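Structural characterization, general
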Amino acid sequence: MENGQLEHLYYGKSIKYLDHYDRFIERSYRPVSVGEFTGDLIHSLESIKQEFPSSGSGDFREPAVEILQEDGSHVMEFRYSSFEVLAGKPYIPNLPATFCKDSQDAQTLRITLTDDLTGATAILTYTIFNNLPVIARSVSITNLGEDPIRVNRLMSASLDLPDSEFEIIQLSGAWGRERHLSRRPIRPGIQAIGSTRGISSHVHNPFLLLCRPGTQEHWGEAYAVNLVYSGNFLALAEVDAYSITRLQAGVHPDKFCWTLNPGECFYSPEAILVYSDRGFNGVSQAYHSLYNKHLIRGNWAELERPVLMNNWEGTYFDFTEQQILEIARQASELGIELMVLDDGWFGRRNDDTSSLGDWFVNPDKLPNGISYLAEQINRLGMKFGLWFEPEMVSPDSHIHRDHPEWVVGAPGRTRKQGRHQYVLDFSQPEVVNYLFDLMDEVLSSANIEYVKWDMNRCISEAYSSGLGSDRQGEFFHRYIMGVYALYDKLIAKHPKILFESCASGGGRFDPGMLYYAPQTWTSDNSEAIERLKIQYGTSMAYPLSTMGAHVSSIPNHQIGRTAPLQTRGHVAFFGVLGYELNPLQLTDSDRKIIKEQIQTYKRYRRLISKGTFYRLQSPFEGNEIAWMTVDDNADQALVGWYQVLSRPNEPYWRLRLTALCPEEIYYVEELNSYYSGSELMNVGLLLTPHPSDHQDFNIIEKWDFASRMFTLIKKSLK
Ligand code: GLA
């Protein structure tokens, strides 16, 4: 606008031959609004599309920024000052963010806005990556004035879209049913999701999507935002009086207040915006490639992830050294590459009431220590991994007795327990350093190549004894920065360790965590049919390479369902495969099936983790579910098909595939047949059981919870 107010012009499919932008600027007389210029009724902040709306000066919608000043005023007026374009992408200090190794891979626009009265300067940062429909956005506020200012709200991205013809999709749920897709029409007013639990949470994921009504997996327009952050967040869509839709995501303003003394700077986390005109699969594929190439770091970004055996559901707390070694021996015979010892190896931890924080080995269970165990497991040709819950402390533990001031809790208030435990105050650097020393000692004492980092309760009575009364609004953000700092220190010292993050299953499945831990335990619910919804929803934003997916025993421990081993494998295949059961209890036939599963998985592991993933049929819409992954040249594809309940006398089932070369011929291994790509995409695979099978009830493809997998290999036509 003429007064330096930064406006948003357009965001969507690329437009060619544009010689000027005037046609994007919409103005109208808006009665009862506040004019920007004296005597003028046309220019009002209330009715224009803004890039960085601030509070208190005539825009009554949700602001991107709200700053409290020394005199008690909240009124801010950020005006355009300058811009620059950089090759590559700058880092955001102390926060996870997407990166590019080669400065040719991305370009960054930085726009500087200033508020003359306070001297506050905002830098809006936008990075675009080659060949990806993605914009990475963040904001920093620097206090160049003479008085302190208090940032009460700072959204990482705020976007005003020109109309409200949208439906909204969020990934919501609870423990054991994380990231279910929820879709509804957008309405006037605010529709928001968020977390104030200290973790991104099981309840809502920091992801929000707006799509045109009717948008489906393969077609339609969608705009999505995903916050690279693991703490309290807010994501919202607000439809205003003139049908402009404002989309925002950032740190949750609830209880947030960050004081900036003169010269200090605050950085927001990064928000990743994706635009797709190819439906939801287009959105997901953009996130998947961005995260695989520009978020996940270290050796494990490229290396194939080991198939693991985790003892949790196999033994829970009740194990001995001998048992773990026997489980590992049997696992190695099955082809498993990594043995993970879960909770219960430390202190006096025989149930969940004690010892968190006592990160030294329990000699009653492991008389020869961790290094011996790791050596024995390495001798079997397997890697060894260990469980920690670094942010937690049990009342019955050394840390709690020695350092009660390190526990999160408000003065004079009862500290409430969650899973019999308290939260350590990671906003205090000495707590982080202490934990680093403890963990480093264990990790340096043995050949530990994997760590499962758990976090099993939300944060209540949020208060830090290390912060002054005027700084308590910084607690939650400082807490998560402490978590990131500990990850950074451990990764720097132990760069070869593969970290898997976890928070009672999938309570912290977010891009912030993926920057440190390349994979996340998707859900404590390991039941295959339940996992269809969880993995389907999770794949909206997160690649298969990040989703820990385990085959567990039956009846399933979370919900008692009994799904065939074949189906349990076929679901876990579309993730990072693991087994979480006691192999000593397997039958010979199970063993044979598992061995074959692992061989097949290894053969297609690269395709699964690096291929392009397509969702074909949604578990939220029907009884049959399907998805597939295809490699870069469509030379190979892997298709998973699942049936929830079997039904009598069904219509014919044809599964139409996608992204194949229409002219080429594919060999479908399981059917021992050749098909053209065009037949597979237009006619599909006929999945109805063969007529001659109709009396045969031993065909498990006909049962409840059935599944089939198809591997497609392109054959040359010549
Ligand atoms: C959490 C995790 C589980 C397991 C247990 C151990 O619930 O999500 O996978 O590690 O803790 O106590």
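Residues numbered from 1 in each chain as written. Predicted model: local features only at pLDDT ≥ 70, side-chain atom pairs only at ≥ 80, totals over all residues. Heavy atoms only, no water.

Helix and strand counts for the protein come out as twelve helices and 34 strands. Against the compact-globule benchmark of 27 Å for 718 residues, the protein has a radius of gyration of 27 Å, which places it among compact chains. Overall size of the protein, expressed as C-alpha extent along the three principal axes, is 85 × 70 × 45 Å. Within the span of the protein, comprising 718 residues, buried residues form 61% of the whole. (Helix = DSSP H or I, 4+ residues; strand = E, 2+ residues; numbered from the N terminus. Rg over C-alpha atoms; globule rule 2.2 N^0.38 Å. Buried < 20%, exposed > 50% of the residue type's maximum accessible area, 1.4 Å probe, protein only.)

Neighbouring the ligand are 13 residues; D342, D343, K452, G505 and D524 lie closest to it. At 3.0 Å from an oxygen atom of the ligand is found a side-chain nitrogen or oxygen belonging to W387. G505 places a polar main-chain atom, nitrogen or oxygen, 2.8 Å from an oxygen atom of the ligand. Alone, the ligand offers 310 Å² of accessible surface; in the complex the protein occludes 96% of this. Residues belonging to the shell around the ligand are distributed by class as follows: four nonpolar, three polar and six charged. (Near = heavy atom within 4 Å. Polar contact = N/O pair within 3.5 Å; in protein donor to acceptor, adjacent residues only side chain to side chain. Areas by Shrake-Rupley, 256 points an atom, 1.4 Å probe, with all protein chains shown as cover. Nonpolar A, V, L, I, M, F, W, Y, C, P; charged D, E, K, R; others polar.)

Direction vectors running N to C along helix α6 (residues 429-445) and helix α7 (residues 475-493) enclose 30 degrees, while the axes themselves pass 10 Å from each other. Between α6 and α7 lies a crossing whose hand is right-handed. In this structure, α6 uses V432, N433, L435, F436, M439, D440, L443 and S444 to contact α7, whose residues at the interface are G482, A485, L486, K489, L490 and K493. Among the residues forming the contact of α6 with α7, the class breakdown is eight nonpolar, three polar and three charged. (Axes fitted to C-alpha atoms, helices over the stretch in contact; angles between N-to-C directions. Left-handed = near helix turned anticlockwise from the far one by under 90°. Contact = heavy atoms within 4.5 Å.)

The next subject is the sheet that holds strand β26 (residues 576-580). In space, the eight strands of this closed barrel follow the order β17-β18-β19-β22-β23-β24-β25-β26, with parallel pairing throughout. If you compare each strand with its neighbour and ignore which way they point, the axes differ by 30 degrees on average. For strand β23 (residues 498-501) and strand β24 (residues 519-521), the ladder comprises two bridges, and the chain directions are parallel. Looking at β24, one finds that E500 is bridged to Q519. (Pairing = 2+ DSSP bridges.)

Right, let's get into the domain arrangement of the protein. Segmentation of the protein into domains returns domain 1 (21-294), domain 2 (299-394 + 428-456 + 497-605) and domain 3 (617-715). Taken over C-alpha atoms, the centre of domain 1 sits 41 Å from the centre of domain 3. (Domains from an automatic or database assignment.)

With nine of eleven residues buried, helix α9 (residues 528-538) is to be regarded as a mostly interior element. Within the sequence span of α9, burial applies to A528, I529, R531, L532, I534, Q535, Y536, G537 and T538. Two to three positions downstream of the cap, the backbone nitrogen of I529 sits 2.8 Å from a side-chain oxygen, assigning the N-cap of α9 to E527.

It is worth spelling out the pattern of salt bridges at this point. On inspection of all chains with the given rule, the structure shows 47 salt bridges. Ionic pairing is found between R349 and D343, a salt bridge with its closest N-O pair at 2.8 Å. There is no split in this pair, since R349 and D343 are both buried. Close ionic contact of R603 with E669 constitutes a salt bridge, the shortest N to O distance being 3.7 Å. You can see R603 sitting in helix α11 (residues 588-610) and its partner E669 sitting in the loop between β31 (665-668) and β32 (673-676), a full 66 residues away along the chain. Each of D59, R61, D160, D240 and R246 takes part in a single network of salt bridges with overlapping partners. (Salt bridge = Lys/Arg side-chain N within 4 Å of Asp/Glu carboxyl O.)

Residues Y10, I15, L18 and Y21 make up a contiguous nonpolar surface patch of roughly 380 Å² in combined accessible area. Inspection of the secondary structure assignment puts Y21 in the segment before β1 (65-68). On the basis of relative accessible area, Y21 is assigned to the partly exposed category, the value being 49%. (Patch = residues over 30% accessible without salt bridge, like charges linked within 9 Å, V, L, I, M, F, W, Y side chains within 5 Å.)

Working note: non-glycine residues mostly have negative phi, and peptide bonds are mostly trans. Of note, the bond from I554 into P555 is cis; its omega dihedral lies within 30 degrees of zero at -10 degrees. Mapped onto the secondary structure, P555 falls in the loop between β25 (547-552) and α10 (565-572). One non-glycine residue, S201, adopts positive backbone phi at about 95 degrees. Examined against the element boundaries, S201 turns out to sit in the loop between β9 (189-195) and β10 (204-211). A positive phi angle is found at N672, which is not glycine, with a value near 50 degrees. Take N672: it is sitting in the loop between β31 and β32.

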